[in-house]
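Survey of secondary and tertiary structure
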Amino acid sequence: MYVLLILIAVIAIVLGVPDIRRSLISRPAFAFFKRVLPPLSATERDAMEAGDVWWDGELFSGKPDWNRLLRTTNPKFSADEQAFIDNQLETLLAMIDDFDIVMQQRDLPPEIWDYLKKEGFFAMIIGKEFGGLAFSAAANSHIVGRIATRSLSVAVSVMVPNSLGPGELLTHYGTDEQKNYWLPRLANGDAVPCFALTGPEAGSDAGSIPDHGVICKGEHEGNEVLGIKLNWDKRYITLAPVADVLGLAFKLDDPDEHLGRGKHLGITCALIPTSHPGVKTGDRHFPLAQAFMNGTTYGKDVFIPLDWIIGGQDYAGKGWRMLVECLSAGRGISLPALATASGHVAQRMTGAYAYVRHQFGLPIGKFEGVQAAMGRIGGLNYSVESMRRLTVAALCEGQSPSVVTAMTKYHMTEMGRTIGNDALDIHAGKGIQMGPRNYLASNYMGVPISITVEGANILTRNLMIFGQGATRCHPYVMKEMAAAGNPDEEAGLREFDQLLIKHIGFAAGNTLSAFWHGLTGARFADSPVSGETARYYQHLSRMSRGLALSADVAMLTLGGDLKRKEMISARLGDVLSHLYIASAVLKRFEDDGRQQADLPFVRYSLEHHLHQIGVAFDGFLQNFPQRIMAGLLRVLIFPFGIHYKAPADIHAQSISDAMMIPDATRDRHTFLCYWRDDENDVTGHMELAFQKMFKLQDVYKRLRKAQKKGQIGADLNGDALADAALQAEVIDQSTAAELRHCERLRMSAIAVDSFASEDVKDGKFKALD
Ligand SMILES: Cc1cc2nc3c(=O)[nH]c(=O)nc-3n(C[C@H](O)[C@H](O)[C@H](O)COP(=O)(O)OP(=O)(O)OC[C@H]3O[C@@H](n4cnc5c(N)ncnc54)[C@H](O)[C@@H]3O)c2cc1C
């Protein structure tokens, strides 16, 4: 007892008396911290400092304030946005024939290009004062997503001008002259933009672009002016083949110091009309057989005036900062919208097909193996839509959360890939045979595009989410890094000392709390709600403590090495990401008014994310190089082991049953999916067959009984089935008429397209009747 009291007194003196604390703890810790601090390049520092910390910071703190999450406003469309969605968007959707676009034209037809330009689809992020639509992130996401349910190629063509590129950069940094000249032209579609960063030598490591400009005198429009002689070689650039204006990123040097800011200014962004002498565009790539414009641009010794730098001379060398500052908004909207679109189509159409398609005498959706895949589709689609909404809500609040958007981009595209695979597996041959009736193939083939662009996924998971997240979201590490970087060493030490005492308190709190929640199964953790979802909040709070503790231990013990230990850090990033997705699911459940019909989806989704958190922690602890620390963490966070199980089969079965009922729940979960009340429409033919068969389910039961009794032939279908049933008086005349119609729809729903052999050879693909 005495020993314990003496120990507490010593700790209190050491921590409580500033001079003693500074010399015994803070100074050595300061020296250690400076030593282990990861070496950061200027581009990495810019990336790390860009953007805001939002709900991710709460999750990282170990003590998320759930009420703050639930208070976040769920964005609503303005009257203008709703009118556009109801009118222009619907008109566009009715014009789209994706098979024709992808397989025949390999381009959008001229009337679609014209309509997109005329109606402002390329101007959703441009201010009204310049003729743009000034739509919110929520409307932008909805519009791009709904288009993607019809055509990935059209959606990508719309999404790019509304994401990171000339419009966004001009709005934030352009001079008045640049804005007044370019923004109205971008808004009315006179100038189609593209933005070129990537080249053969610089993909993920975009900061290392070799494209190069030198400030010098040259001739422009007959006058000698100060400008830039540029050389570039870019590839993969979306819209480049049809662009009128090229946003170009390059490294700028000023060897004669015309600007008086040194010889090497750094990455710079300029806007160059593609008609300018020496600018080469037009060559096309063919990205996974999609028809959106994507290609190369290059130029040799092209001279441009200095005032083509976005933002003018003052922004020479600030291009990287501009790009990372603007990256978040587009990254949180565009690709997530595409992933959601695949989810909505997959859930709606797979449910329909699983009901319509019979094998072994049953709808395939009644087989447990198929139900497992349908459960994944419905459960993950609930997560995808929830994540889309939460991230868009943050953007609508004016946040620019860089870690949140990186998590959103990565996990939504990965979940989209899983959903797409399951949908295709269930459709089997129907999903594989391409043609005007195939609503899955194009999006399925496009998935790797979403995985690759705006930060390829492996890089995003391994470097960006935790690499940025750990320092950005941690309540003290960024500030400690700033203190360590203070050129006035003593002032830095004083700041560090203040931070360290708080950091020690933070770590001690997390250690005790993680252990307590581990011992009690989080039964005493906070939940802002009661009822079915309360326990999930408690488990997530517990895992948030575990993350905060593990992140501190990893940073303390591995220091700068943690950046290179991607397999370790990515798993902590996974924990953060699944905490974020699970919170999004809980918030959506509340926002939607706690729909009881959604509970199987909510449970599936939350159990999946908790399970993934367990898997990530297990992998982290199994592979953490400091074995004693790993053992200690395991005891503290999981004293009785890791017990988060994969979603129960019963949820998958309830989900697959729900997917095969044409009701309001199905509509709510798949509202983005466009289908037309037309038996020849790509999605309409399946939807109508499903609705009709569901309506006639009692008739089909009667027919099956009659078949078993031998009253009508077991192998009959179509008109022959209706005739036989009528003759055997199993159905009456009017039901027979309905059955004939339904059978025609059913046969069409299970049919696939075929083509004349020579047409396939010639690439004409005119579907045979
Ligand atoms: C269809 C399409 C459209 C595009 N549109 C544009 C556009 O409009 N403008 C533009 O500028 N660019 C565009 N891009 C380029 C896109 O952003 C790049 O493809 C992307 O940055 C990846 O570069 P890369 O393909 O060269 O892959 P690489 O950089 O060669 O990467 C290869 C693999 O290594 C991984 N990797 C790399 N470094 C690390 C690391 N440190 N840790 C872990 N993994 C790592 C990556 O994740 C990837 O899986 C487009 C690309 C495509 C395919």
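All figures in this text were calculated on a predicted structure; none of them were measured in a lab. (Residues numbered from 1 in each chain as written. Predicted model: local features only at pLDDT ≥ 70, side-chain atom pairs only at ≥ 80, totals over all residues. Heavy atoms only, no water.)

This paragraph deals with the pairing of strand β1 (residues 193–196). Neither face of β1 is exposed, since P193 and F195 on one face and C194 and A196 on the opposite face are all buried. Pairing geometry for β1 and strand β4 (residues 245–253), over 4 bridges, is parallel. Each residue of the ladder has a partner; that of A196, found in β4, is L248. (Buried < 20%, exposed > 50% of the residue type's maximum accessible area, 1.4 Å probe, protein only. Helix = DSSP H or I, 4+ residues; strand = E, 2+ residues; numbered from the N terminus. Pairing = 2+ DSSP bridges.)

Turning our attention to the nonpolar core. It is characteristic of soluble globular proteins that their nonpolar side chains tend to be buried jointly. Core analysis: the largest hydrophobic core is formed by 127 residues, its most contacted members being M543, Y580 and L703. Counting 69 residues, the second largest nonpolar core, distinct from the first, contains V156, C194, A341 and F765. (Core = buried A, V, L, I, M, F, W, Y, C linked by side-chain atoms within 4.5 Å.)

The space that makes up the second largest pocket amounts to roughly 640 Å³. Contributing to the lining of the second largest pocket are 35 residues, with D97, F99, P436, R437 and V682 lying nearest its centre. If you list the elements that add at least two residues to the lining of the second largest pocket, you get α7 (98–105) and α17 (441–452). Here the lining of the second largest pocket is composed, by residue class, of 14 nonpolar, 11 polar and 10 charged. (1 Å grid on protein atoms, 1.4 Å probe; cavity = no way out; pocket = protein on both sides within 12 Å on 5 of 7 lines; lining within 4 Å. Points joined across faces, edges and corners; volume = space filled by probe spheres on them. Nonpolar A, V, L, I, M, F, W, Y, C, P; charged D, E, K, R; others polar.)

With that settled, the discussion passes to the UniProt feature "domain: Acyl-CoA dehydrogenase C-terminal bacterial-type" (unreviewed entry) in the chain. Under the local residue numbering, the UniProt record ascribes the feature "domain: Acyl-CoA dehydrogenase C-terminal bacterial-type" (unreviewed entry) to residues 471–755. Span residues 471–755 is 72% helix and 0% strand, its end C-alpha atoms 57 Å apart. (UniProt positions renumbered as here; feature names shortened; annotations may be inferred.)

A separate point is the pattern of salt bridges. According to the stated counting rule, one finds 35 salt bridges in the structure shown. When the shortest N-O distance is used, the salt bridge between E90 and R146 registers 3.1 Å. Here E90 is found in helix α6 (residues 79–95), whereas its partner R146 is found in helix α9 (residues 137–148), with 56 residues between them in sequence. A relative accessible area of 26% places E90 in the partly exposed class. Given the relative accessible area of 12%, R146 is considered buried. For R594, the salt bridge is made with E532, and the minimal N-O distance between the two is 3.8 Å. One end of the pair, R594, is in the loop between α23 (566–591) and α24 (599–623); the other, E532, is in the loop between α20 (489–520) and α21 (534–558), and 62 residues separate them in sequence. (Salt bridge = Lys/Arg side-chain N within 4 Å of Asp/Glu carboxyl O.)

Around the ligand, the surrounding shell holds 21 residues, and the nearest of these are L197, T198, S204, Y236 and E566. Interatomic distance of 2.6 Å between a side-chain N/O atom of S204 and an oxygen atom of the ligand. Out of a free accessible area of 980 Å², the ligand has 68% covered by protein chains. Of all the secondary structure elements, the ones that give two or more residues to the shell around the ligand are β1, β3 (223–238), α17 and α18 (457–473). Of the residues belonging to the shell around the ligand, the class tally is 13 nonpolar, 6 polar and 2 charged. (Near = heavy atom within 4 Å. Polar contact = N/O pair within 3.5 Å; in protein donor to acceptor, adjacent residues only side chain to side chain. Areas by Shrake-Rupley, 256 points an atom, 1.4 Å probe, with all protein chains shown as cover.)

Let us look at the environment of N486. If you trace the backbone, N486 turns up in the loop between α19 (477–484) and α20. Here the alpha-carbon distance between N486 and F496, two residues 10 residues apart in the chain, equals 10.0 Å. The residues contacting N486, other than those within four sequence positions of it, are A491, G492 and E495. Within polar-contact distance, the side chain of N486 engages the backbone nitrogen of D488 at 2.9 Å. One polar contact links N486 to E495, side chain to side chain, over a distance of 3.1 Å. (Contact = heavy atoms within 4.5 Å.)

This next bit is on the pairing of strand β2 (residues 212–220). The sheet contact formed by β2 and β3 spans 9 bridges and is antiparallel. Counted as the bridge partner of G213 is L230 from β3. Remark: 2 residues form the turn of the hairpin made by β2 and β3, two consecutive strands paired antiparallel; E221 in that turn has positive phi of roughly 50°. In this structure, β2 lies alongside β4, joined through 3 bridges in parallel fashion. When the bridges of β4 are listed, G213 appears paired with L252.

Here we take up the packing of α24 against helix α25 (residues 627–637). Contact geometry for α24 and α25: axes closest at 8 Å, N-to-C directions at 150°. By the angle class used here, α24 and α25 are roughly antiparallel. Contacts from F617, D618, F620, L621, Q622 and N623 of α24 reach α25 at R627, A630, L633, R634 and I637. For the contact of α24 with α25, a count of residues per class yields 6 nonpolar, 2 polar and 3 charged. (Axes fitted to C-alpha atoms, helices over the stretch in contact; angles between N-to-C directions. Parallel < 35°, antiparallel > 145°, perpendicular 65-115°, else oblique.)

Right, let's get into helix α30 (residues 718–727). Three or more residues of α30 are buried, namely G718, L721, A722, A724 and A725. Burial along α30 is one-sided: seen end-on, the buried residues are contained in an arc of 165°. In this fold, the buried residues of α30 make contact with α29 (697–709) and α31 (733–750). (Arc of directions from axis to C-beta.)

Taken as a whole and assessed by the stated rule, the structure comprises 0 disulfides. Free of any disulfide, C269 has its nearest cysteine sulfur in C326, 9.2 Å distant. Not part of a disulfide, C742 finds its nearest cysteine sulfur in C673, a span of 20 Å. (Disulfide = S-S within 2.5 Å.)

A separate point is α20. If you check α20, its first and last C-alpha atoms are 45 Å apart, about what 32 residues at 1.5 Å a residue would give, namely 46 Å. With its phi angle positive at about 60°, G521 sits one or two positions after the end of α20. (Expected span 1.5 Å × (residues − 1).)

Attention now moves to the packing of aromatic side chains. Taken as a whole and judged by the stated rule, the model has 22 aromatic pairs. Here F30 and F496 contribute two aromatic rings whose centre-to-centre distance is 5.1 Å and whose plane-to-plane angle is 55°, an arrangement assigned as tilted. You can see F30 sitting in helix α2 (residues 18–36) and its partner F496 sitting in helix α20, a full 466 residues away along the chain. The exposure class of F30 is buried, given its relative accessible area of 5%. Look at W55 and W66: their rings are 5.4 Å apart centre to centre, the planes differ by 55°, and that puts the pair in the tilted class. Placement of the pair is W55 in helix α4 (residues 55–61) and W66 in helix α5 (residues 66–71), with a sequence separation of 11 residues. Residue W55 shares its accessibility class with W66, and that shared class is buried. Through pairs of rings, three or more aromatic residues link up here, namely F84, Y115, F121 and F135. Lying across the ring of Y181, R185 places its NZ or CZ 3.7 Å from the centre. (Phe/Tyr/Trp six-rings, centres within 6.5 Å; stacked < 30°, edge-to-face > 60°. Lys NZ or Arg CZ within 6 Å of the ring centre and 35° of its normal.)

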